[in-house]
Amino acid sequence: MTYYGEESRRARENFPLQHRLTDLRLIYAIVEVKKAAARTYAELGTDPALYQAVAAACDRVLAGEADDQFITQALQGGAGTSTHMNVNEVLASMASEQLGRPVHPIDDVNRGQSTNDVYPTALRIAAIRGVRSLSDECARLQESLQKRENEFDGIDKIGRTEMMDAVPVTLGEEFGAIAQAIARDRWRIYKIEERLRQVNIGGTAVGLSDTADRQYRFRVIEILRQQTGIGLAAAEYPMDVTQNNDVFVEVSGLLKALAVNLIKLSNDLRLMNSGPYGGFGEIHLKPMQKGSSIMPGKVNPVIPEMTMQCAMRAIANDTAITMAASRGDFELNAFLPLIADALLESLQLLTRSCAIMREKCIDTLEADGEHCRSILDHSLARATSYAPFLGYDTVTEVIRQGGTPEEIMARLEGMKQERIR
């Protein structure tokens with residue numbers, strides 16, 4: 001059975017992008033807003049039977065019974081009106097089915113509401129849930145990295161700066177450093193929820209509550225808070241939340257920071273794993289699949305490569321969100337669908353890639369401690385420690401005289417002992 005109506009069909013015809021449909025996480029959040037509104041009107045005595053039927057329709061949608069009825073493309077003109085009307089029409093049809101009389105998608109389901117307060121409120125709810133999931137995954141990744149930090153603490157290896165031999169470090173210290181970066185990401189992402197909790201539901205078209213009465217405005221936010229379990233609060237200045245989307249830019253900026261750290265981690269793992277004979281070979285990533293259709297035995301670091309691509313997409317999405325948010329003209333931003341699609345995609349990609357990175361890479365990799373020490377022993381990484389005794393220029397001159405690393409280190413040690421005597 002088809003529950004959507006004419007406005008949904010028009011949207012499908014107007015935007016035949018064949019890109020992707022509106023994210024169901026956003027659809028469900030819109031439906032939760034609709035359910036809170038319906039429950040509010042039923043409680044206030046506005047045709048209780050009708051609004052109980054609308055609320056029941058919302059429950060059916062949230063149970064997944066109508067996923068195929070949401071047909072609008074993620075990217076659309078109209079600030080999200082097409083998706084909003086798609087939801088209104090589906091709920092009206094389902095409520096009519098139960099009630100046995102017509103339910104109007106605008107006069108009834110959308111009573112006292114507007115795309116301009118429903119859609120942003122729903123996006124904030126969906127974003128908060130995504131932020132919570134991502135923060136939890138960052139915490140798990142941090143713990144996994146710290147576990148490897150402890151396990152690898154006794155493995156000495158060469159440190160590198162600008163891809164050149166530097167000074168000795170431990171493999172554990174390298175994992176500990178990136179764990180600290182992920183810990184910062186976890187905390188920043190966790191805290192950003194506070195910025196998303198202010199919603200403009202009840203503000204209708206421009207935040208001035210033109211068609212919503214006072215009792216509804218105050219009660220709907222309370223019911224929505226109870227339904228979602230999120231500490232939502234009515235915006236102090238609804239017009240601000242209606243027209244300005246800088247909070248989504250802020251959230252996306254923190255996702256970009258995490259993406260940067262994931263790229264750094266992934267690329268370091270690729271380099272340490274490189275080889276097996278012509279590269280660094282300091283760690284061994286778990287072989288996941290064939291690495292070549294022509295070279296027998298080749299295995300590629302596919303999990304770090306996947307993670308890097310997810311992070312790169314999140315960075316690209318940040319640019320899209322920034323551009324879209326900057327183009328809000330006067331009382332409304334017409335490009336909110338792009339913000340929603342890009343933000344929810346980034347949250348999902350980063351959440352899943354953090355989990356996959358942890359499960360299939362960090363937790364399963366093996367360190368080659370013997371090879372790490374061999375590289376270190378056949379380098380001049382420890383020469384720096386002689387500079388305080390012999391002076392920078394003297395150590396440099398000894399190195400320039402040439403010889404094997406063992407011979408150079410032996411000369412430096414001999415000169416140090418002479419100074420001590």
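In this text, all values refer to a predicted model and were calculated from it rather than measured experimentally.

A. Spatial organisation of the packing of helix α2 (residues 24-43) against helix α5 (residues 115-151). The interhelical angle for the contact between α2 and α5, taken along N-to-C directions, is 120°, at an axis separation of 8 Å. Taken together, the axes of α2 and α5 are oblique relative to one another. Crossing of α2 over α5 shows right-handed handedness. For the pair formed by α2 and α5, the contact residues are Arg25, Leu26, Ala29, Ile30, Glu32, Val33 and Lys34 on the first element and Val118, Tyr119, Thr121, Ala122, Leu123, Ile125, Ala126 and Arg129 on the second. Split into classes, the residues belonging to the contact of α2 with α5 amount to 10 nonpolar, one polar and four charged.

B. Expanded view of α5. Given a rise of 1.5 Å per residue, 37 residues ought to cover 54 Å, and the 53 Å separating the end C-alpha atoms of α5 matches this to within 8%. With 26 of its 37 residues buried, α5 lies for the most part within the structure.

C. Molecular detail of the packing of aromatic side chains. Under the defined criterion, the tally for this structure stands at four aromatic pairs. Between Tyr41 and Tyr216, the aromatic rings sit 4.8 Å apart at their centres with planes inclined by 5°, giving stacked as the arrangement. Note that Tyr41 is positioned in helix α2 and Tyr216 in helix α8 (residues 214-228), a separation of 175 residues in sequence. On the basis of relative accessibility, which here comes to 0%, the residue Tyr216 falls in the buried class. When the ring of Trp187 is compared with that of Tyr190, the centres are 5.6 Å apart and the planes differ by 25°; the resulting orientation is stacked. Of this pair, Trp187 and Tyr190 both sit in helix α6 (residues 171-191), three residues apart, which is roughly one turn of the helix.

D. Spotlight on the pattern of salt bridges. Summed over the entire model, instances satisfying the criterion amount to 30 salt bridges. Residues Glu282 and Lys157 are paired through a salt bridge, measuring 3.3 Å at the closest nitrogen-oxygen approach. With Glu282 in the loop between α10 (246-273) and β5 (283-284) and Lys157 in strand β1 (residues 156-161), the pair connects residues that are 125 residues apart, well separated along the chain. Lys157 matches Glu282 in its accessibility class, with the two residues each being buried.

Calculation notes
Residues numbered from 1 in each chain as written. Predicted model: local features only at pLDDT ≥ 70, side-chain atom pairs only at ≥ 80, totals over all residues. Heavy atoms only, no water. Axes fitted to C-alpha atoms, helices over the stretch in contact; angles between N-to-C directions. Helix = DSSP H or I, 4+ residues; strand = E, 2+ residues; numbered from the N terminus. Parallel < 35°, antiparallel > 145°, perpendicular 65-115°, else oblique. Left-handed = near helix turned anticlockwise from the far one by under 90°. Contact = heavy atoms within 4.5 Å. Nonpolar A, V, L, I, M, F, W, Y, C, P; charged D, E, K, R; others polar. Expected span 1.5 Å × (residues − 1). Buried < 20%, exposed > 50% of the residue type's maximum accessible area, 1.4 Å probe, protein only. Phe/Tyr/Trp six-rings, centres within 6.5 Å; stacked < 30°, edge-to-face > 60°. Salt bridge = Lys/Arg side-chain N within 4 Å of Asp/Glu carboxyl O.

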